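Chain by chain, the residues:
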Amino acid sequence: MRGSHPHVCHPLHYWPVPAHLASRPSLPPFSPRISVSSSGGVRLAHRSVAANMSTAAGDSSSSAALTKLAPLEAVLFDIDGTLCDSDPFHFLAFRELLQQVGFNGGVPITEEFYSANISGWHNDALAGALFPDLDHAEAMDFMDRKEALFRKMATGQLKGLDGLQDLCGWIERRGLKRAAVTNAPRENAELVLSLLGLTSFFPVLVIGSECERAKPAPDPYLRALQLIGASPDHTFIFEDSSSGVRAGVAAGVAVVGLTTGNPEKVLMDAGASLVVGDFRDPKLLAILQQLDPAPADN
């Protein structure tokens, strides 16, 4: 667990993009998903075409893999980008503060850079990756300030992903076990769950930095399974990032990927059994129907 850090701000310090990040192949451009209103509020705009693509390829094999989980015992959820599309707020916070400290010569980072190098990773790893030549305490101070800005932006703005409330009701009616598992700091995770009205829905919240290893290691999901007493053979996970999908697969759990922030191919390459656009996707609803056609209280 991190200790507190003195407030350090170097607005004139120049941090170029580290060579190990700058050398990564660029991604094709796509339209921004976010904009800032004249009042400073965040407005979600159209998502990228790539992130909304969902093909039928592999659906039959994915369906078979997931229906083998019956009788379903538990469902695990990532938080950011899974319960809600919070990545736009994280991106805005990173873009603003990185520009302030002169990262990349003061040129604002792009969504492509954010998706490829930042999304889904925990702060300790990001601090070293973004600022390899900076004192770790100073780098972590930057991350703390970024999280505070995210919380300010997100409050009053976050909404659950389409179909989330119906899915939660489906889970509750069947008495399924559940947990939220995230690489986000605990303060962020608790705020998001509170804003979505899901604090009581999740009896267990696992934070990656509080485990021996965070995602993409399997430790957070393994801990969640242990805490709720569920078998990986009768559980599946909802994730939106490649690192989160890899963590679930490494834990031996089937993963359903959500294209809130990454295209289908990225999630499938990471090992997702099925990729859907949101919780109303017909492919997901068909799987749930096969796993458990009737609620326990009927």
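These numbers were taken from a predicted model, which means no experiment stands behind them.

Draft legend 1. Structural context of the nonpolar core. With 64 residues, the main nonpolar core has F77, F94, F236 and F238 as its most contacted residues. Broken down by element, the residue count for this core peaks at eight residues, all from helix α7 (residues 136-154). When residues of this core are sorted by domain, at least three fall in each of domain 1 (69-85 + 159-291) and domain 2 (87-154). Of all hydrophobic cores here, the second largest spans 22 residues; its members include V204, V206, L225 and I237.

Draft legend 2. Highlighting the side chain of E112. Examined against the element boundaries, E112 turns out to sit in helix α5 (residues 111-117). For the buried E112, which has no salt bridge, the nearest side chain bearing the opposite charge is R95, at an N-O separation of 9.9 Å. Side-chain polar atoms of E112 contact the side chain of T110, separated by 3.2 Å.

Draft legend 3. Expanded view of the pattern of salt bridges. Inspection of every chain in the model, using the stated rule, returns 15 salt bridges. Between D78 and K215 there is a salt bridge, with the nearest N and O atoms lying 3.0 Å from each other. With D78 in the loop between β3 (74-77) and α4 (87-100) and K215 in the loop between β5 (205-207) and α10 (219-228), this residue pair connects regions lying 137 residues apart in the sequence. Judged by relative accessible area, which is 5%, D78 ranks as buried. When its relative accessible area of 2% is taken as the criterion, K215 is described as buried. Notably, a salt bridge pairs E210 with R186, separated by 2.9 Å at the nearest N-O pair. Residue E210 is found in the loop between β5 and α10, and its partner R186 is found in helix α9 (residues 186-195); the two are separated by 24 residues along the sequence. We classify R186 as partly exposed; its relative accessible area is 30%.

Definitions and cut-offs
- Residues numbered from 1 in each chain as written.
- Predicted model: local features only at pLDDT ≥ 70, side-chain atom pairs only at ≥ 80, totals over all residues.
- Heavy atoms only, no water.
- Core = buried A, V, L, I, M, F, W, Y, C linked by side-chain atoms within 4.5 Å.
- Buried < 20%, exposed > 50% of the residue type's maximum accessible area, 1.4 Å probe, protein only.
- Helix = DSSP H or I, 4+ residues; strand = E, 2+ residues; numbered from the N terminus.
- Domains from an automatic or database assignment.
- Lys, Arg positive; Asp, Glu negative; His and termini not counted.
- Salt bridge = Lys/Arg side-chain N within 4 Å of Asp/Glu carboxyl O.
- Polar contact = N/O pair within 3.5 Å; in protein donor to acceptor, adjacent residues only side chain to side chain.

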